[in-house]
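Each chain, written out:
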Number of protein chains: 2
Amino acid sequence: MNGTDQSKFPTVVIIGGGFGGIQVAKQLKDKPVEIILIDKHNYHTFQPLLYQVATGSLEAESIAFSLRKNFDEQKNLRFRNTEVLGISAETNTVHTAIGDIAYDYLVIATGSTTNFFGNKEIEHYAMPMKSIPEAMNLRYLVLQNLEEAVLKPSREERVPYLSFVLVGAGPTGVELAGALAELRNHVLNKDYPELAKEEMKVYLVDFLPKVLGPFSDEGSKAAEGYLKDMGVEVLLGVKVESYDGNQIKFEGGKSIQTKNVIWSAGVMGVVPEGVSKDVIERGNRIKVDNICRVVGSSNIFAIGDVAAMITPETPKGHPGVAQVAIQMGQTTGKNIYKIIKGEQPEPFKYNDKGSLATIGRNKAIADLGKLKFQGFFAWLIWMFVHLISLMGGRNKVIVFINWIASYVTYNGGSRLIIRNFKREELVEKDEQISKPD
Amino acid sequence: MNGTDQSKFPTVVIIGGGFGGIQVAKQLKDKPVEIILIDKHNYHTFQPLLYQVATGSLEAESIAFSLRKNFDEQKNLRFRNTEVLGISAETNTVHTAIGDIAYDYLVIATGSTTNFFGNKEIEHYAMPMKSIPEAMNLRYLVLQNLEEAVLKPSREERVPYLSFVLVGAGPTGVELAGALAELRNHVLNKDYPELAKEEMKVYLVDFLPKVLGPFSDEGSKAAEGYLKDMGVEVLLGVKVESYDGNQIKFEGGKSIQTKNVIWSAGVMGVVPEGVSKDVIERGNRIKVDNICRVVGSSNIFAIGDVAAMITPETPKGHPGVAQVAIQMGQTTGKNIYKIIKGEQPEPFKYNDKGSLATIGRNKAIADLGKLKFQGFFAWLIWMFVHLISLMGGRNKVIVFINWIASYVTYNGGSRLIIRNFKREELVEKDEQISKPD
């Protein structure tokens, strides 16, 4: 590898430039280490706003940030845009598509991917939304199905194209449901005069009896109310049985004709090859000790969605949210430097700042410890927090302008179909989705 | 077709939502006609800024505008997002991928595509840049080749990845050369500390003895000077012989090792199947009379890049620029209404407002009739004209902010690789390029 063996400083290899990985790198700025950051994308993704990319309200570029650009001032970091094939802990090596990379310390910050819980048919036909290429595919699918619907002569034939079923009523499902309902309520008639607003249906399905499971009951109830007001059909306590690309069936016999099933019902860790099966926890996460060190290892750390820190206070590990990844990244970065200096590392302590979810204009839920807000004020908090968290001043300004434009016109976003995502090729979707990655 | 046979108004079918096609539609707003606008994309492309999408300075969405959104207030227009398979003049029918569409008046506004002058090898390996998917492919190729270069251990091995050869020194080639030179001068070192600025080479090649052929000698000279100042190697009077994906050869024996050849050396009209071969002119354009009517037809018009209006004043037809398409569209829209009313159509008269090209920050050429500017003032004119011509207020604001950000930081744009464009799959490029379309 270029520029790695010249140095006598210890090499810290970070796999993944998500919320956690970039914090590790930042903490080690100007420290006597050589950092190699590996990501299969050349950008960081601000996942909380992916759903707005999927509905065409925001451009992909507004919620992504070049990793090279982000670290162009950090002299001790090299970026490698490649795929990790596996790790060999015994030789301290990461195997990648561009060759082997040796490490002294390794941080696994690979995040999570959609969990279809082993149902291959659903995995094949339903759309995930965990990455920018996936969000773009989803956008093209939605828009193309609206175009298809225009061409169908009868209401009945239009049903499957105009029915949108979101499985999983966590923040992603709720926010996407709200955004699709707004598309229906404010845009459909203008852009597609051939279609009646009532023909487009948005369903939000969860096997739990409430939306926004981990939120307060107060917030959850408010969210459900907002969704219903906007015309979303909320189906709770309902389990999906099958989906064949045309019809989704639920336990108990109910079914919906639809060509649009979006799956956000669960995630699972992305574990590199070579990590011992003995340390894999529920949800395909890597078991770590209280300093985020992989159990049984001395120099490998795992943080964020891929890490499971099982303690008496967190018997299932921490929630898979950006805040956990960020804080684990900060602690791990500091700890690696402490270990190098021969100091005692400090245990990780999660500072839960609360949860936010938006449903639509003027509507959001904010559970901030004891403070709970719903409605307009929560929506202002949601916007503020997301804007300041976005990477890059230009992105902040552009997202802000887009939001203002959408708010004023009720008709934001560009809604361009730049790549065709062909329904009839849906059987080849795996390939379509892996290609962009 | 939905919504077409209910009406007793004459049906005007417009193929193509480019500069010309949308003007025809606009002129017929509120007129007693039924308009069907067909485009294989669901958006209008502002082609003059495509090169900024290719270099990653602007997002694709900033220079494209949803055709549905653009016409959402025009009640007599229906949009069809489909491909035209051909036309049958004898039955007044357009054949499309979604069925046949009958017309009373047809406007062919299909524009032009890259002309490789029959060289299949060059067509196969060189990159065109006439559409948004092509500009995106080009962006990904450039960025991926920079990533590849980082991994090559020797300068010699890096040469083909870091050499950019632009064939054709018209406005597209000149503006792209300037943008790539700025990428090299201001961004390369920051983002790719492994690479030396001097290693990246930008070549601009033309078989003519001057850059910006149709411009004034004064403007052409100034442009050449700016390019050289920025480090572009300008090779004039040079004819390309071959390009095999690794090496471009010129007549006379010179050659350059490169994996990046961008071809903007010529265009040719996109003529639908079914147009008589007898009316096809040089450059694959359709011969039209002085009211843009296809020679030999009474109700088919052709406008913009695909039309050749041969007159004593324009022996080669009009130049393939946006202004010609816009003005032909306006005249044709008006004339169709006049013909319907039984009035005399008015002949087309081109009002040449001049030519603009930019080379980089503070550097542009403006040939405005007798007024000729070069440098900073021309650059201000260029920016102003392009901003006001962009469709959509949001696009204007976002492009303006991007330009300001780039100007201030010397480091604009996101430069994300969202879809992989694999070099080793370049032999399958045709498929890659046709897929996005």
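Please read these numbers as outputs of a predicted model, since none were measured by experiment. (Residues numbered from 1 in each chain as written. Chains lettered and ligands numbered in written order. Predicted model: local features only at pLDDT ≥ 70, side-chain atom pairs only at ≥ 80, totals over all residues. Heavy atoms only, no water.)

Description of the side chain of D72(B)
Our working rule: Strands are runs of DSSP state E lasting at least 2 residues, helices are runs of H or I lasting at least 4, and numbering of each runs from the N terminus. Only protein chains enter the accessibility calculation, which uses a 1.4 Å probe; a residue is then buried when its area is under 20% of its type maximum, exposed when over 50%, and partly exposed in between. The charge count includes Lys and Arg as positive and Asp and Glu as negative, but it does not include His or the ends of the chains. Salt bridges are defined by distance alone: a side-chain nitrogen of Lys or Arg within 4 Å of a carboxyl oxygen of Asp or Glu. In this analysis, two residues are considered to be in contact whenever any of their non-hydrogen atoms come within 4.5 Å of each other.
Mapped onto the elements, D72(B) comes out in the loop between α3 (67–70) and β5 (77–81). Buried and unpaired, D72(B) has no salt bridge, with K190(A) as the nearest side chain of opposite charge at 5.6 Å. Residues in contact with D72(B), not counting those within four places in the same chain, are K190(A), D191(A) and N411(A).

Examining the relation of the copies chain B and chain A
Taken together, a rotation about one axis and a shift along it account for how the two chain copies relate. This is how it is decided: To line up the copies, we fit them by least squares on C-alpha atoms, keeping just the residues with pLDDT of at least 70 in both.
Under the fitted operation, chain B is carried onto chain A by 0.0 Å of movement along the axis and a turn of 180 degrees, and the coordinates agree to an RMSD of 0.0 Å. Considering both components of the superposition, the chain copies are consistent with a two-fold axis. Closest to the rotation axis within chain B is the C-alpha of I398(B), separated from it by 3.2 Å. Most of the interface of chain B is mirrored in chain A: 100% of its interface residues are interface residues there too.

Description of the UniProt feature "transmembrane region" (unreviewed entry) in chain A
Operational definition: UniProt positions are given in the numbering used here, feature names are shortened, and annotations may be inferred rather than shown by experiment.
This chain's UniProt record puts "transmembrane region" (unreviewed entry) on residues 371–391 of chain A. Across residues 371–391 of chain A one finds 67% helix and 19% strand; the C-alpha atoms that close the span lie 27 Å apart.

Here we look at the interface of chain B and chain A
Note the threshold: The term buried area means the drop in 1.4 Å probe accessible area that two parts suffer when joined, counted for both and summed. Under the rule applied, a polar contact is a pair of N or O atoms within 3.5 Å (in protein, one hydrogen donor and one hydrogen acceptor; residues adjacent in sequence only if both atoms are side-chain atoms). Here the term charged refers only to Asp, Glu, Lys and Arg, the term nonpolar to Ala, Val, Leu, Ile, Met, Phe, Trp, Tyr, Cys and Pro, and the term polar to all other amino acids, Gly among them.
Across the contact, 52 residues belong to chain B and 52 residues belong to chain A. Buried surface at the junction of chain B and chain A, both sides included, amounts to about 4,900 Å², of which 49% is carbon and sulfur. Contact with chain A buries surface across chain B, with E61(B), R68(B) and R419(B) losing the most and accounting together for 15% of the total. One salt bridge in this structure joins E194(A) and R68(B), with 3.9 Å as the shortest N-O distance. Taken together, the links from chain B to chain A amount to 18 residue pairs in polar contact (both at pLDDT 80 or more). At the level of secondary structure, the elements contributing two or more residues to the side of chain B that touches chain A comprise β4 (64–66), α3, β5, α5 (132–151), α7 (171–191) and α11 (393–409) of chain B. No other element matches α5(B), which puts nine residues into the side of chain B that touches chain A. Across the side of chain B that touches chain A, the residue classes break down as 23 nonpolar, eleven polar and 18 charged.

Details of a nonpolar patch on the surface
Residues and elements named next belong to chain A. Put simply, the rule reads: Think of a patch as exposed residues, more than 30% relative accessible area, with no salt bridge, where like charges cluster within 9 Å and nonpolar side chains (Val, Leu, Ile, Met, Phe, Trp, Tyr) cluster within 5 Å. A 1.4 Å probe and the Shrake-Rupley method give the accessible areas. Residues count as covered only by the protein chains that appear here.
Judged by side-chain polarity, F376, F377, L380, F400, I404, Y407 and V408 come together as a nonpolar surface patch covering roughly 650 Å² of accessible area. At the level of elements, α10 (376–389) and α11 (393–409) are the ones that each hand at least two residues to the nonpolar patch. Broken down by element, the residue count for the nonpolar patch peaks at four residues, all from α11. Within the element layout of this structure, F376 appears in helix α10.

Quick look at the packing of aromatic side chains
In plain terms, the rule: Within 6.5 Å between ring centres, the rings of Phe, Tyr and Trp (the latter by its six-membered ring) count as paired, and their orientation is classed by plane angle as stacked under 30 degrees, edge-to-face over 60, tilted in between. Any Lys NZ or Arg CZ that is within 6 Å of a ring centre and within 35 degrees of that ring's normal is treated as a charge sitting over the ring.
Counted by the stated rule, this structure contains 14 aromatic pairs over all chains. Here F19(A) and F46(A) contribute two aromatic rings whose centre-to-centre distance is 5.8 Å and whose plane-to-plane angle is 75 degrees, an arrangement assigned as edge-to-face. Taken as a pair, F19(A) in helix α1 (residues 19–27) and F46(A) in the loop between β3 (43–45) and α2 (50–54) lie far apart in primary sequence, 27 residues in all. Here F116(B) and W263(B) contribute two aromatic rings whose centre-to-centre distance is 5.9 Å and whose plane-to-plane angle is 25 degrees, an arrangement assigned as stacked. Residue F116(B) is found in the loop between β10 (112–114) and α4 (120–125), and its partner W263(B) is found in strand β17 (residues 260–263); the two are separated by 147 residues along the sequence. Overall, the relative accessible area of 9% leaves F116(B) in the buried class. Among the aromatic residues, those joined into a ring-pair cluster are F376(A), W379(A) and Y407(A). The side chain of R361(A) reaches across the aromatic face of Y410(A), ending 3.6 Å from its centre.

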